[in-house]
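Structure assessment
Listed here are the chains, written in short residue letters.
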Amino acid sequence: MDNSLLKKILPHAIALVIMAVIAFVFFSPYTFEGKTLQQGDNDRALASQTEINKVKKETGKAPLWTNAFFSGMPTVQIHSEVNGNLTRPFLTAALLGQAITAPHTAILLAMLCMYFLLLTLHIDWRIALTGATAFGLSTFNIDITEAGHSTQMIALALAPGVLGSAILVFRGKYWLGGGLFALFVALQVYSNHYQVTYYTFLMLLVLGIVELTAAIRGGRWVHFGLSAGVLVAGLGLGVLSNLSTIWTTAEYQSETIRGKSDLKKGVSKNSGGESGGLTRDYAWGWSYGIGETGTLLIPNYYGGGASQTYTDTKTYETVYNDLIGRGATKEQAQGQLRQYASLYYTGAQPFLGAAIYYGAIIVFLFILGMILVDNNWKWWLASAALFMIVIAWGGNFSLFNGLLFDYFPMFNKFRAVTQALGLGQLAFAALGALGLQAWFDERIPAEKKMRALYIALGVTGVFCLTSLAGGDAIGQHDKEVGQLASLLKEDRADLIRGDSMRSLFLIVIAAGLLWASLKGYIQKTWITVAVIGALSLGDVWSVSKRILPNEKYLTAQESKANTRQNNPTDADKKILADPDPYFRVLDLTSGNPFASADASFFHKSVGGYHAAKLMRYQELIEKYLSRIDSKQGIVDPAVMKIYSMLNTKYIIQPKLEKTEAVLNPDANGNAWFVKNIQTVADADAELETLGTINPKETALISQPFMGALQGFTPQFDSSNSIKLTSYNPDVMKYEYSANTDQLAVFSEVYYPPSKGWTLYLNGQPIAPFIKADYTLRAAKLPAGKNQKLEMRFAPASYYTGEKVSMFASALLLLCLAGGLFLFFKRYQLPEAERLPLFTAPAPRKTVVITPTAVRAPTPKNPQQKQIKRKK
């Protein structure tokens with residue numbers, strides 16, 4: 001290999017190894033000891049995928065519908081069965097062949113993409129390494145990793161790649177930048193966390209506005225037009241590469257609590273009703289406090305979060321000793337104390353996993369960059385950082401966010417706006433790296449650097465000093481804990497004082513290093529960068545370890561003991577022994593059955609856990625199904641007929657020593673013929689009347705669906721029959737016999753036939769089913785003996801989308817290959833090092849005023865002399 005090429009590649013190889021070591025060592029119990037993390041969301045996702053994985057194992061194809069929870073829903077947001085997107089191997093390779101749930105490779109991917117972004121900003125590789133590690137190990141990333149928000153983590157990890165590719169385009173590398181941009185967009189959309197992708201595009205929009213402003217000022221219209229065109233084309237290819245999921249998701253979301261309700265009154269508290277989207281209260285339920293923004297600089301500024309450990313506090317020691325004194329074991333005492341962790345938080349959010357901390361040194365460098373950096377990238381990153389923080393404020397800054405919520409496209413489709421802080425961390429780390437790079441720029445005067453240093457030190461230092469007087473805040477639950485409240489108050493004061501001093505110390509050390517380098521006391525620039533980088537890494541490492549200490553990892557035996565999947569109860573075993581292939585279960589042993597996915601490990605559940613439930617099912621829950629006492633295992637008798645129409649055959653009830661599976665003898669079964677049809681005016685009347693009828697005998701049909709039943713009156717005959725003969729979530733087969741035309745009602749959740757469900761009678765398609773009883777499917781069936789009826793789910797959005805995805809992703813890869821070819825043909829790899837090897841004090845300029853110094857320069861040619869004489 002050419003020595004010059006090796007010299008360019010070697011620094012990046014070193015950086016890659018360092019990032020891999022950091023990521024692997026941080027999660028060392030997982031990577032080297034075979035331990036696991038108990039990631040709540042991943043466990044719930046695994047439960048919801050149980051039926052999908054079982055069917056795929058049996059048939060070789062994952063179903064597009066599942067009945068594992070909420071009585072049935074599409075699988076598009078549960079399991080991504082995508083074959084058309086040809087870019088998927090790139091993500092698999094980037095994750096080193098690991099699943100997206102593997103924490104070490106997800107964090108490594110975040111570092112790699114951030115490193116790429118910083119290189120596109122022409123930052124020295126050593127400073128890029130500092131920014132990449134600070135971003136990768138931020139508390140935001142570690143918090144969502146521990147919680148099991150794996151799709152969110154992967155989408156966030158890829159965000160710097162999307163933005164870095166766009167910068168390449170704006171730098172004039174149209175083919176290479178466009179190809180990489182399309183690839184990163186395709187991968188980020190594939191990761192299936194649209195909220196992070198949405199916020200990434202908002203940052204991209206800010207970048208476009210900054211570039212447009214520069215184009216207007218500089219008259220660079222052609223370049224801006226070409227860049228915008230390339231990005232639009234790349235965006236199109238990236239999106240179309242995932243069309244099968246995007247299209248089916250778009251169809252699905254309009255039927256969920258993020259869509260429009262059929263109700264005019266009594267709308268779900270989480271829904272925006274006829275206007276669509278979510279309600280403000282639901283969307284802004286987790287809104288970052290404006291004062292809480294101080295945690296970006298001081299971790300425990302608002303007391304911390306429930307995922308943190310507080311073993312050195314007075315409250316912990318007092319409660320621990322009390323539990324031990326009452327006979328609890330060490331493990332039992334520590335387990336109970338985890339419930340106390342949420343008491344330290346003093347903010348207004350319902351609860352907090354961990355304080356969002358960007359890093360004291362990163363915030364310091366960010367302010368330094370605000371002053372020293374003089375290019376478009378500064379204005380982009382500063383504006384984007386502020387924009388993301390303001391979005392995270394949610395309802396605490398409704399003057400601005402309310403306008404976005406009401407008028408900006410798709411903004412009201414997402415909840416938990418604090419997720420924007422992940423993108424804010426990206427902007428802080430990038431501008432901080434630019435600030436550190438600018439410090440070593442010999443073109444910037446030493447006086448300007450010192451002024452910037454004093455301002456950055458003053459802003460961050462003063463904030464830390466004033467925070468030393470804090471800690472008197474009252475927590476949300478202080479009234480509930482009685483005598484512990486005073487101890488908690490003392491602990492919060494100690495926590496904020498300790499972290500304020502900690503942040504101040506780090507900032508002063510970093511500022512001192514920069515000052516020493518400017519004055520020439522540290523002559524080699526790489527030493528200054530290396531020490532600041534190590535300090536920054538140690539800073540975020542130590543705070544993130546508060547969230548994820550090694551004690552939180554579980555051995556294989558502990559993991560098995562703590563997972564419902566591996567520990568079926570006697571009730572589960574009894575139900576599993578039932579030969580009936582298809583019925584539903586209500587599990588009251590895990591608290592609220594509509595916020596727990598545990599039952600789905602073994603059964604087809606009436607409840608479940610998902611952030612985007614079908615709208616009409618959520619409304620059924622709020623109106624009827626939630627009338628239960630899960631502690632006592634009691635269902636309101638008045639709503640048992642609603643559970644019966646969903647074919648709820650068993651109720652798992654909690655008992656003192658074990659759970660019990662109670663048979664519901666009145667379950668309606670999979671399908672039945674009704675005696676009567678009762679017509680109601682609209683959805684409101686349908687939902688209200690449902691509580692007054694017996695769904696086994698009467699079908700409620702709202703007026704909009706009566707067209708298919710005009711003039712029809714069912715003639716009940718006890719000899720008529722209908723039964724399920726074959727079950728697959730996508731294909732359910734029935735056999736029926738009826739002497740006259742009948743209306744059949746199925747215990748299946750209604751989903752518009754136009755979005756995938758089709759009825760076949762003896763192999764031929766017939767009129768689609770209609771909605772009955774607000775939630776179920778119904779169909780008018782002709783008379784006949786031993787008739788074969790099939791219900792198939794085959795959405796055109798998926799199957800057509802897969803074909804388009806394959807074509808678009810193939811074209812994307814072709815463009816990327818062409819971009820790489822042209823780049824290496826026209827350009828050479830840039831140098832990895834962009835810092836001067838040495839720094840030294842700026843030389844003092846001595847100006848001597850002499851008579852000749854004030855004379856006008858003598859013209860160099862006769863023509864100039866002639867002009868001079870005329871003047």
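Quick caveat: nothing in here was measured; it's all calculated off a predicted structure. Within every chain, residues take consecutive numbers counted from 1 along the sequence as written. Per-residue local features of the predicted model are confined to residues with pLDDT of at least 70, and side-chain atom pairs are confined, for both listing and counting, to 80 or more; whole-chain, interface and lining totals are unaffected and use all residues. Side-chain descriptors were evaluated using all non-hydrogen atoms of the structure, hydrogens and water having been removed beforehand.

**Things to note about a nonpolar patch on the surface**
Threshold: Residues with no salt bridge and a relative accessible area higher than 30% make up the patches, which join like charges within 9 Å and nonpolar side chains (Val, Leu, Ile, Met, Phe, Trp, Tyr) within 5 Å. Here, Shrake-Rupley sampling with a 1.4 Å probe gives the accessible areas, and only protein chains in the shown set may cover a residue. Should a side-chain nitrogen of Lys or Arg be within 4 Å of a carboxyl oxygen of Asp or Glu, the pair is scored as a salt bridge. Helix and strand definitions follow DSSP, with helices as H or I runs of at least four residues and strands as E runs of at least two, each counted in order from the N terminus.
On the surface, Leu6, Leu10, Ile14 and Ile18 cluster together into a nonpolar patch covering about 310 Å² of accessible area. Within the fold, Ile18 resides in helix 1 (residues 3-26).

**Observations regarding unusual backbone geometry**
The phi torsion at Asn192 lies on the positive side, around 70°, for a residue other than glycine. Here Asn192 lies in the loop between helix 10 (174-190) and helix 11 (194-218).

**Thoughts on the environment of Thr133**
Let me state the cut-off plainly: Contacts were defined at the residue level, with two residues in contact if any of their heavy atoms lie within 4.5 Å. In protein, a polar contact requires one atom able to donate a hydrogen and another able to accept it; more generally it is a pair of N or O atoms within 3.5 Å, and residues adjacent in sequence count only if both atoms are side-chain atoms.
Checked against the element boundaries, Thr133 lands in helix 7 (residues 125-136). Once the C-alpha coordinates of Thr133 and Arg326 are considered, the two residues, 193 residues apart in sequence, prove to be 45 Å apart. Those residues in contact with Thr133, other than ones at most four positions away along the chain, are Met19, Ile22, Met111, Leu537 and Val540. Within polar-contact distance, the side chain of Thr133 engages the backbone oxygen of Leu129 at 3.0 Å. Reaching out from Thr133, the side chain makes a polar contact with the backbone oxygen of Thr130 at a distance of 3.0 Å.

**Details of the environment of Glu790**
Condition: Note on classification: 1.4 Å probe, protein chains only; a residue is buried when its accessible area is under 20% of the maximum for its type, exposed when over 50%, partly exposed between these limits.
The topology assignment puts Glu790 in strand 18 (residues 784-793). Assessed through its relative accessible area of 19%, Glu790 is described here as buried. Apart from the residues lying within four places of it in its own chain, the contact partners of Glu790 are Val731, Met732, Lys733, Thr758, Leu759 and Tyr760.

**What about the sheet that holds strand 3 (residues 584-587)?**
The following threshold applies: Here the rule is simple: two strands pair whenever DSSP picks up at least two bridges between them. For helices, the fitted axis covers only the stretch in contact; all axes are lines through C-alpha atoms, and the angles between them, taken along N-to-C directions, range from 0 to 180 degrees.
An order of 3-6-7 is seen for the 3 strands of this open sheet, with the pairing classed as mixed. Of all strands in the sheet, those bounded by a partner on one side alone are strand 3 and strand 7 (659-663). Strand-to-strand twist of the sheet, defined as the mean angle between neighbouring strand axes without regard to direction, takes the value 25°. With 4 bridges connecting them, strand 3 and strand 6 (residues 648-654) associate as parallel partners. Residue Asp587 lies in a different strand from strand 6, and its bridge partner there is Ile652.

**Some details on the nonpolar core**
Selection criterion: Residues belong to one nonpolar core when they are buried, are Ala, Val, Leu, Ile, Met, Phe, Trp, Tyr or Cys, and are joined through side-chain atoms within 4.5 Å.
In this structure, Trp380 and Ile391 are the most contacted members of the largest nonpolar core, which totals 159 residues. Apart from residues lying up to four places away in sequence, Ile391 is in contact with Tyr199, Leu202, Asn401, Leu404, Phe411, Val417 and Ala420. Core analysis: the next-biggest nonpolar cluster, separate from the first, contains 75 residues, Ile651, Leu709, Leu761 and Phe769 among them.

**Points about the layout of surface pockets**
Selection criterion: Put plainly, a pocket is an open set of points on a 1 Å grid over the protein atoms alone with protein on both sides within 12 Å along at least five of seven lines, a cavity is a set where a 1.4 Å probe fits but cannot get out, and a lining residue has an atom within 4 Å of a point. Grid points are joined across faces, edges and corners, and a volume is the space filled by probe spheres set on the points. Charged means Asp, Glu, Lys or Arg here, nonpolar means Ala, Val, Leu, Ile, Met, Phe, Trp, Tyr, Cys or Pro, and polar covers whatever is left, Gly included.
Of the pockets and cavities examined, the second largest pocket occupies roughly 1,300 Å³. As for the second largest pocket, its lining consists of 34 residues, of which Tyr115, Phe116, Leu119, Thr120 and Leu180 are closest to the centre. The dominant element in the lining of the second largest pocket, judged by the number of residues it contributes, is helix 6 (residues 103-120), at 7 residues. Here the residues of the lining of the second largest pocket sort into 25 nonpolar, 4 polar and 5 charged.

**Structural notes on helix 19 (residues 398-407)**
Spelled out, the test is: It is the directions from the helix axis to the C-beta atoms whose arc is reported.
Burial in helix 19 covers these residues: Asn401, Gly402, Leu404 and Phe405. Across the axial projection of helix 19, the buried residues extend over an arc of 160°, all falling on one side. Of the exposed residues in helix 19, the ones pointing more than 90 degrees away from its buried face are Leu399, Leu403 and Tyr407. Considering only its buried residues, helix 19 is in contact with helix 14 (280-283) and helix 18 (376-393).

**Notes on the pattern of salt bridges**
Going through the model one piece at a time under the given rule, you end up with 24 salt bridges. Between Arg44 and Asp41 there is a salt bridge, with the nearest N and O atoms lying 2.5 Å from each other. Residue Arg44 and its partner Asp41 are both found in helix 3 (residues 40-48); the two are separated by 3 residues, about one turn of the helix. The network of salt bridges with common partners includes Glu255, Asp262, Arg616 and Lys755.

**Thoughts on the packing of aromatic side chains**
What counts is decided by this rule: Stacked, edge-to-face and tilted labels apply to pairs of Phe, Tyr and Trp rings (six-membered ring for Trp) whose centres lie within 6.5 Å, assigned for plane angles under 30 degrees, over 60, and everything in between, in that order. Two conditions define a charge sitting above a ring: the NZ of Lys or the CZ of Arg must be within 6 Å of the ring centre, and it must be within 35 degrees of the ring normal.
Going through the model one piece at a time under the given rule, you end up with 34 aromatic pairs. Aromatic pair Phe170 and Phe224: ring centres 6.3 Å apart, planes at 20°, arrangement stacked. You can see Phe170 sitting in helix 9 (residues 150-170) and its partner Phe224 sitting in helix 12 (residues 221-240), a full 54 residues away along the chain. A single burial state applies to Phe170 and to Phe224, both of which are buried. Residues Phe823 and Phe824 carry aromatic rings whose centres are separated by 5.3 Å and whose planes lie at 85° to one another, so their mutual orientation is edge-to-face. Take Phe824: its relative accessible area is 51%, and that puts it in the exposed class. Every member of this aromatic cluster is reached through a ring pair, and the members are Trp65, Tyr751, Trp757 and Phe793. It is Lys545 that lies over the ring of Phe26; its NZ or CZ is 4.4 Å from the centre. Lys675 extends its terminal NZ or CZ atom over the ring of Phe716, reaching a point 5.0 Å from the ring centre.

**Considerations on the environment of Ile766**
The residue Ile766 is located in the loop between strand 15 (764-765) and strand 16 (770-772) in this model. Between the alpha carbons of Ile766 and Phe70 there is a distance of 27 Å; along the sequence they are 696 residues apart. Those residues in contact with Ile766 that sit more than four places away from it in its chain are Leu759, Leu761, Leu781 and Leu789.

**As for the side chain of Ser261**
The topology assignment puts Ser261 in the loop between helix 13 (243-253) and helix 14. A polar contact is formed between the side chain of Ser261 and the backbone nitrogen of Leu263, at a distance of 3.0 Å. In terms of polar contacts, Ser261 uses its side chain to reach the side chain of Glu619, at 2.6 Å.

**Focus on the pairing of strand 14 (residues 757-761)**
A large share of strand 14 lies buried, amounting to 4 of its 5 residues. By the bridge criterion, 5 bridges tie strand 14 to strand 18 in an arrangement that is antiparallel. Bridge assignment links Tyr760 to a residue of strand 18, and that residue is Glu790. Summarising the sheet, strand 14 and strand 15 pair through 2 bridges and their orientation is antiparallel. Note that in strand 15 the partner of Tyr760 across the bridge is Pro765. Two successive antiparallel strands, strand 14 and strand 15, enclose a turn made up of 2 residues, where Asn762 displays a positive phi of approximately 55°.

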